[in-house]
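Listed here are the chains, written in short residue letters.
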Amino acid sequence: MQTNFSLAQLADAATRDSEAILRKCVHCGFCTATCPTYTILGDELDSPRGRIYQIKDMLEKGGPPPDSTVKHIDRCLSCLSCMTTCPSGVHYMHLVDHARAHIEATHTRPPADRAVREFVARVLPNPRLLRLALRGAPLGRRFQALLPKRLASMLALSPAHVPAPSPSERPGVHPAQGARRKRVALLIGCAQRVLAPQINEATIRLLTRHGVEVVVAEGAGCCGALTHHMGKEDLAHAAAKAAIDAWTREIEGAGLDAIVVNASGCGTSVKDYGFLFREDPAYAAKAAMVAGLARDVTELLDEIGLSAPVVATGQAIAYHSACSLQHGQRIKEPPRALLRAAGFTVREIPDGHLCCGSAGTYNLLQPELAGELRARKVAAIETTRADAVAAGNLGCITQIAGGVDGGGGVPVLHTVELLDWATGGPKPAALAGRAAFGPAA
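(A) Fine view of the overall build of the protein. Of the regular secondary structure elements, the protein holds 25 helices and nine strands. The C-alpha atoms of the protein give a radius of gyration of 21 Å, which matches the 22 Å a tight globule of 441 residues would have. In terms of principal-axis extent, the alpha carbons of the protein reach across some 65 × 50 × 45 Å. Relative to its full complement of 441 residues, the protein shows a buried share of 55%. When contacts within the protein are restricted to residue pairs at least 6 apart in sequence, those whose partners lie at least 24 apart make up 75%. When the accessible surface of the protein is totalled, it reaches about 17,900 Å², and 55% of it is carbon and sulfur. The average position of the 47 basic charges and that of the 41 acidic charges among the side chains of the protein differ by 4 Å.

The structure is reproduced here in structure tokens:
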């Protein structure tokens, strides 16, 4: 693709990198076949190729973009399926992230839109505020029919019960059982620790059982992914720097063999820290070091090898490959191999490359499109006739569970919950009363 940036524009590192990305695009259109929003809307402007043209025009012109451009960029899921499909190696993730930061810096949104986005950006990454908001959700549900669609969608996704804070949140060291094979830091995250603390608990049990010492580092909370993909760079960079500092202290202290992430959306961002801070003299080296140590929990377990199951498994599991895992990190086989090693039968979900509609904050900010994508994903899952669904990202779990489990259907769990149970941990609460999984443990 030919570009027309001025020398002054190219003096900016972000613009310079985006220009290099744009020049790789050859307009082939392969990306349109795997883009979820194009599949639904059939609008070229809601395809990766169409968005690339709009981003190019926006960045070349500079200044505030038109509302139409903002609309089509906002509709992008950042599922990165287009990057898996692209034969030219167009790094769409970096391009759309730059576009969102430009929109955030130059475009004035309507007051209601600004308020919702500010609420999401401030509350979701803050465990204390998120717990307060969720505790007030039951009152809000009484007026759900009267609320704007976005607020009503937020209430619909909120849990009926807010779990109590888990001991797994506390900074500290969880010793390995038996001989120590590795020492790792675990990203406990922000929203996940509030909504589903059992995921971190299962991860710690599973890793320590396999000879891994797990450190929860003081100061490493939110990774910054949520606000980064909203274009709010200041908030994102502050959160990422806090995590980098916390993990650097551990690396320079007792040392780390890996930084383990069990939310694949977060993992994709942590692995990109080297790029994110490439121009920051104080953080470039530290960020690259942290990014190099980042591993999805299934990557590490696949390397270590899973111990034999100690309970009767064999149940059929529909594995949902989160976009951030299969497209963002290109991790496809390890989770499936681990589930099979634990004795489960893995069933593939038709059109598994298509997003479920969660996509970080997408199901909050674009509820109608997210609902359509969820309906398609749920219909595909139901064809597998599986006993449960496994996924490696809390957003996907919450999104899919709202469709399949809302009516008492198939349970949706994190992959580590099943692996933990199979190798000696407690039966996940989501499996209680499920005949396929035997009596209560």
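(B) Summary view of the environment of Q198. Relative to the helices and strands, Q198 resides in helix α13 (residues 197–209). Between the C-alpha atom of Q198 and that of L95, which follows or precedes it by 103 residues, the distance is 35 Å.

(C) Spatial organisation of helix α15 (residues 233–252). Between its first and last C-alpha atoms α15 spans 27 Å; for 20 residues at 1.5 Å apiece the expected length is 28 Å, and the two agree. When α15 is considered as a whole, its buried residues turn out to be A236, A239, A240, A243, I244, A246, W247, T248, E250 and I251.

(D) Focus on the pattern of salt bridges. The tally for this structure, following the rule as stated, stands at 26 salt bridges. Here K232 ties to E118 by a salt bridge, and the two come within 3.3 Å at their closest N and O atoms. Separated by 114 residues along the polypeptide, K232 in the loop between α14 (225–228) and α15 and E118 in helix α8 (residues 111–123) bring together distant segments of the chain. Note on E118: relative accessible area 31%, which makes it partly exposed. Close ionic contact of R340 with E333 constitutes a salt bridge, the shortest N to O distance being 2.1 Å. Residue class for R340 comes out partly exposed when judged on its relative accessible area of 41%. Via salt bridges that share partners, E104, E118, R122 and K232 belong to a single interconnected network.

(E) Summary view of helix α25 (residues 415–422). In terms of residue burial, α25 counts as a mostly covered element, since eight of its eight residues are buried. Tucked inside the fold, the buried residues of α25 contact α13, α19 (297–304), β6 (316–320), α21 (333–341), β8 (388–391) and β9 (412–414). With its phi angle positive at about 125°, G424 sits one or two positions after the end of α25.

(F) Just the packing of aromatic side chains, in detail. One pass over the full model with this rule turns up four aromatic pairs. Taken together, a centroid distance of 6.0 Å and an interplanar angle of 40° make the contact between F277 and Y283 tilted. Assessed through its relative accessible area of 14%, Y283 is described here as buried. Plain terms: the ring middles of F344 and W421 are 6.4 Å apart, the flat faces sit at 35° to each other, and that makes the pair tilted. Placement of the pair is F344 in the loop between α21 and β7 (345–348) and W421 in helix α25, with a sequence separation of 77 residues. Side by side, F344 and W421 carry an identical accessibility label, which is buried. Three or more aromatic residues joined by ring pairs form one cluster here, namely Y273, F277 and Y283. It is R278 that lies over the ring of F275; its NZ or CZ is 3.8 Å from the centre.

(G) Highlighting unusual backbone geometry. Phi is positive for R330, which is not a glycine, with a value near 60°. Inspection of the secondary structure puts R330 in the loop between α20 (323–328) and α21. Of the residues examined, R330 reaches a relative accessible area of 47% and is grouped as partly exposed. Non-glycine residue R385 carries a positive phi angle of around 50°. Following the sequence through the fold, R385 ends up in the loop between α23 (367–382) and β8.

(H) Layout of the packing of α23 against helix α24 (residues 394–404). Relative to each other, α23 and α24 sit at 70°, their axes nearing to 9 Å. With respect to each other, α23 and α24 are oriented roughly perpendicular. Seen along the crossing, α23 lies across α24 with a hand that is right-handed. Residue-level contacts link A370, R374, K377, V378 and I381 of α23 to Q399, I400, G402, G403 and V404 of α24.

Rules used throughout
- Along each chain, residues carry numbers from 1 onward, in the same order as the chain's sequence is written.
- Whole-chain, interface and lining totals are the exception, using all residues; otherwise, since this is a predicted model, local features are given only for residues with pLDDT of at least 70 and side-chain atom pairs are given and counted only at 80 or more.
- Values shown for side chains rest on all heavy atoms present in the structure; no hydrogens or waters enter the calculation.
- Helix and strand assignments follow DSSP, with helices taken as H or I runs no shorter than four residues and strands as E runs no shorter than two, numbered in order from the N terminus.
- C-alpha atoms define the radius of gyration, and 2.2 Å times the number of residues to the power 0.38 defines the globule rule.
- Note on classification: 1.4 Å probe, protein chains only; a residue is buried when its accessible area is under 20% of the maximum for its type, exposed when over 50%, partly exposed between these limits.
- Working rule for contacts: check all heavy atoms of both residues, and any pair within 4.5 Å makes them a contact.
- The protein chains shown are the only cover counted for residues, whose accessible areas, like all others here, come from Shrake-Rupley with a 1.4 Å probe.
- Think of it this way: Lys and Arg go in the positive column, Asp and Glu in the negative one, and His and the chain ends go nowhere.
- Every charge is mapped to an atom, namely NZ of Lys, CZ of Arg, CG of Asp or CD of Glu.
- Given a helix with a known number of residues, its expected span is that number minus one, times 1.5 Å.
- When a carboxyl oxygen of Asp or Glu is within 4 Å of a side-chain nitrogen of Lys or Arg, the pair counts as a salt bridge.
- Here is the rule: rings of Phe, Tyr and Trp (six-membered ring for Trp) pair when centre to centre is within 6.5 Å. Planes less than 30 degrees apart are stacked, more than 60 are edge-to-face, and the remainder are tilted.
- Only lysine NZ and arginine CZ atoms are considered, and such an atom sits over a ring when it is within 6 Å of the ring centre and within 35 degrees of the ring normal.
- The axes are straight lines fitted to the C-alpha atoms, using for helices just the contacting stretch, and the angles between their N-to-C directions are given from 0 to 180°.
- Between 65 and 115 degrees an angle is taken as roughly perpendicular, under 35 as roughly parallel, over 145 as roughly antiparallel, and anywhere else as oblique.
- Two helices that cross are described as forming a left-handed crossing if the nearer one is turned anticlockwise from the farther one by less than a right angle, and a right-handed crossing if clockwise.

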